[in-house]
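One-letter residues, chain by chain:
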Amino acid sequence: MTAEYQVHGTVAVITLNNPPVNGLGLATRTAAVKGIQQALADDTVKAIVITGAGKAFSGGADIKEFNSPKALAEPSLHTLIATAESSTKPVVAAIHTVCMGGGLELSLGCHYRVAMPGAQIALPEVKLGLLPGAGGTQRLPRVLGLEMALNMIVSGTPVASDKLANTALFDAVFTADADLVSSAVAFAETIADVRPLPKVRDRKVDYPNHEAFLQFSRNTVKAMSGPFPAPLECVETVAASVTMKFEDGMKFERERFLHLIQTTESKALRHAFFAERVASKVPDVPADTPVRAIKQAAVIGAGTMGGGIAMNFLNAGIPVVMLETKQEALDKGLATIRKNYENTMKKGKLTQEKFDQRMALVSGTLAYEDIGQADIVVEAVFEDMGVKEAVFRKLDEVMKPGAILASNTSTLDLNQIAGFTKRPQDVIGTHFFSPANVMKLLEIVRGAQTGKDVLATALALSKKLKKTGVVSGVCDGFIGNRMIEQYSRQAGFLLEEGALPEQVDKAVEKFGFAMGPFRMGDLAGNDIGWAIRKRRYVEKPEISYSKTADLLCEMGRYGQKTGAGWYDYKAGDRKAYPNEQVNAMIVQHSADIGVARRKISDQEIVERLVYSMVNEAAHILEEGIALRASDIDMVYLTGYGFPLFRGGPMFYADTVGLPNVLAAINKYAKGHQGSAWKPAPLLVKLAEEGKGFNS
Ligand SMILES: NC(=O)c1ccc[n+]([C@@H]2O[C@H](COP(=O)([O-])OP(=O)(O)OC[C@H]3O[C@@H](n4cnc5c(N)ncnc54)[C@H](O)[C@@H]3O)[C@@H](O)[C@H]2O)c1
């Protein structure tokens, strides 16, 4: 039963009941249509109320049925809305808590709408690259006016019902202490005999000189929506509510909706939406796995990462003790946290009260005894196994039984770290990204012996900290950095063959990355990669790298922090200015290694950078380091600035077609440093089978 039917005197009440938010799935739609028909057939019933059980009126489409034939099966949402609108007895939508998407469109097909205050009213389809496809673009402007409806539809942002109380959207907004159903029934009794039945479709959108406003909106929205077509399509369909007759506007809306649903941009957004949800599911860790309570945290190391990590806990209201080796470092770390919050406060994004609350939750210590009672400790000390060993041996001594011992290491072997303790089941990697208080990604590294409850706790914690948690197995670089290493190698080889940093960066930025590899290197510090490579030259001499980045570091050009890297920088300006000596060094290096420089196309640049990551990702999937292709996409969308409209590297490769990706890889394998290209067996297999990573 997904909608209940009851009669209160002369009023039938249909209660949508499809937890958690009464999504309008097939069964719910069917039950609602039946309810209306039953009420029409019952001579004692004079009016109908539609409401929702539990935590919503309706959140809209049932996401469980997304992409399934059920989504379009009859009775469709259009049919349900038409049934309500054409009912010969008045239909009243009784709205509370959440009324979004198809839920709002259904209510707009009802003759009357009454609501509780504080209900979230929205048409959020644009966030999935779509537009409201069940009349929302035609009916909302008819009750809210052109401007307000356009803002809501283009932004998808919810507005509280009480803020809309004076619009024609609502016939009544009750007081917070009212009982919604009995108030709605009482309202229905008062209008039961009113004829003709008011219909939103019969209203006119009045907006003097609407063309000027619409043109202004087109310009603004176009400038703001980047590569996404949906916001502008929203403007055009809302425009149709003024310029076309209702029926024609509905046809236009349908046509534009069907167009958008086929666009790669919308597919990418929907992919990302589902990828985020599925990322927290681990096949052998069921949803009912017990989690450990996290009420108190500790962070070891108050440097760049430690400070940001601590802020995550503070933002979530979890007290943090920070431990350092020297008072000076501790003071500096705590001062940075304070300064970050002060800056947020200056921007008006944090109240003094919240600031005080957060600062009251953080304290510092030099003594391990002070952190023993923490439920989780996150280590963020220098990236050196010896230092990590000393810290974990100490943690094993002092931490209470059941405490989670987490490491923020980005490259070291978590299993080895766990081996420094007598409780490897309690050890896990929590790999935050810099700046840790901003970046959404949290790679959760599952060691060979990490307990399932520890993994479940880390996943739950990531949600509490408002991060996207993605599980990775143990390997060098985990998911994200292991892939980016191939990208960086190709960027270096491209320099050797004929490209210059600005060409590579521009091509990658045109593809949609916020920053190309060389500007990124200058931001992060080229010395970091240099240190890693020096270690690899010894540990893994078989891996080839371009020497250009080393030569750059030998010139003392570490990046923005030294005022110079691949580019020059001016004080107070983050703009990158190409540097003649650097470019000359690159050209000279090609001559030194006997490579004749050639003109390289932007397409080749993008293919080599992206496909080298995709190929590595195929290994990562095959080895079980990542659980699924969409997890890899999540890592790149939330941690590495991969363009959202392309859906992540795996989704993008699927869009290009894996046979095409493979053909390009085979071509590059014949070129300069071709040995860097060994097609991953999984990629070859899927390409041969005509499948995609995400299929
Ligand atoms: N910086 C990044 O972008 C980034 C991103 C992800 C992960 N990581 C990882 O995070 C960890 C920390 O990196 P960071 O950039 O914050 O380094 P950092 O040098 O800024 O900070 C390290 C801090 O640890 C302190 N420390 C060193 N030894 C200690 C000990 N034995 N006990 C207590 N404190 C000690 C130092 O005083 C310093 O304040 C490393 O494992 C690094 O690989 C860094």
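Now for a quick tour of the structure. As the structure is a prediction and not an experimental result, all values here were calculated from the model. (Residues numbered from 1 in each chain as written. Predicted model: local features only at pLDDT ≥ 70, side-chain atom pairs only at ≥ 80, totals over all residues. Heavy atoms only, no water.)

### A closer look at the nonpolar core
Basically, it comes down to this: What is meant by a nonpolar core is a set of buried Ala, Val, Leu, Ile, Met, Phe, Trp, Tyr and Cys residues, joined one to another through side-chain atoms within 4.5 Å. The classification of residues rests on relative accessible area computed with a 1.4 Å probe and restricted to protein chains. Under 20% of the type maximum is buried, over 50% is exposed, and intermediate values are partly exposed. In this description a helix means any DSSP run of H or I spanning at least four residues, a strand means any run of E spanning at least two, and both kinds are numbered starting from the N terminus. Each domain's extent was defined by an automatic or database domain assignment.
Grouped together as the largest cluster of nonpolar side chains are 67 residues, with contacts concentrated most on I479, W566, I632, F642, L683 and F693. Element by element, the count of residues in this core is highest for helix α23 (residues 602–622), at 11 residues. Two domains each donate at least three residues to this core, and these are domain 2 (297–472) and domain 3 (480–689). Of all hydrophobic cores here, the second largest spans 59 residues; its members include V91, L106, L146 and L150.

### Things to note about the environment of K222
Topologically, K222 is positioned in helix α7 (residues 210–224). Considering only alpha carbons, one finds K222 and E233, 11 residues apart in sequence, at a separation of 10.0 Å.

### Notes on the site of the ligand
Where we set the bar: Any residue with at least one heavy atom within 4 Å of a molecule or strand is counted as near it. Any N or O atom pair separated by 3.5 Å or less is treated as a polar contact, with the protein-specific requirement of one donor-capable and one acceptor-capable atom, and with residues adjacent in sequence counted only for side-chain atom pairs. In this description, accessible areas are obtained by the Shrake-Rupley approach with a 1.4 Å probe, and a residue is regarded as covered only by the protein chains that are shown. Classification convention: Asp, Glu, Lys, Arg as charged; Ala, Val, Leu, Ile, Met, Phe, Trp, Tyr, Cys, Pro as nonpolar; all other residues, Gly among them, as polar.
As a matter of local geometry, the ligand sits amid 22 residues, with M305, E324, E383, K388 and S410 nearest to it. A distance of 2.9 Å separates an oxygen atom of the ligand from a polar atom in the side chain of N408. In the complex, 77% of the free accessible area of the ligand, which totals 830 Å², lies under the protein chains. With 3 residues, the top contributor of residues to the shell around the ligand is helix α14 (residues 385–398). For the shell around the ligand, a count of residues per class yields 10 nonpolar, 9 polar and 3 charged.

### Section: the sheet that holds strand β1 (residues 3–8)
So the rule is basically this: Strands pair, by our definition, only if DSSP identifies at least two bridges between them. Whether two residues touch is decided by their heavy atoms; if any such pair falls within 4.5 Å, the residues are in contact. Fitted lines through C-alpha atoms give the axes, limited to the stretch in contact for helices. The angle between two N-to-C directions lies from 0 to 180 degrees.
The sheet built from 6 strands is open, its strands ordered β1-β2-β3-β4-β6-β9 with mixed pairing. Here the strands that pair on one side only, and so sit at the sheet edges, are β1 and β9 (172–173). Two elements, strand β2 (residues 11–16) and strand β3 (residues 47–52), share 6 bridges in a ladder whose sense is parallel. Across the sheet, the residue bridging to L16 is G52, located in β3. Against the sheet, helix α1 (residues 26–41) touches β1, β2 and β3, its axis set at about 175° to β2.

### Thoughts on α23
The periodicity of an α-helix, 3.6 residues per turn, causes residues three or four places apart in sequence to face the same way. Going by this rule: By definition here, a helix of n residues has an expected span of 1.5 Å times n minus one.
Look at α23: 30 Å from first C-alpha to last across 21 residues, which is about the 30 Å you get at 1.5 Å a residue. Among the 21 residues that make up α23, 17 are buried, leaving the element largely enclosed by the rest of the structure. Among the residues trailing α23, G624 stands out with phi positive, at a value near 80°.

### Side note on the packing of helix α11 (residues 304–315) against helix α12 (residues 327–346)
Note the cut-off: Geometric relationships in this document are graded by angle, where less than 35 degrees denotes roughly parallel, more than 145 denotes roughly antiparallel, 65 to 115 denotes roughly perpendicular, and other angles denote oblique. The handedness criterion is simple: a crossing whose near helix is rotated anticlockwise from the far helix by less than a right angle is left-handed, and one whose near helix is rotated clockwise is right-handed.
Between α11 and α12, whose axes approach to 10 Å, the crossing angle comes to 55°. By the angle between their axes, α11 is oblique relative to α12. Judged by the sense of rotation from one axis to the other, the crossing of α11 with α12 is right-handed. Between α11, through G307, A310, M311, L314 and N315, and α12, the contact on the second element is made entirely by I337, N340 and Y341. Each residue belonging to the contact of α11 with α12 can be placed in one class, and the counts come to 5 nonpolar, 3 polar and no charged.

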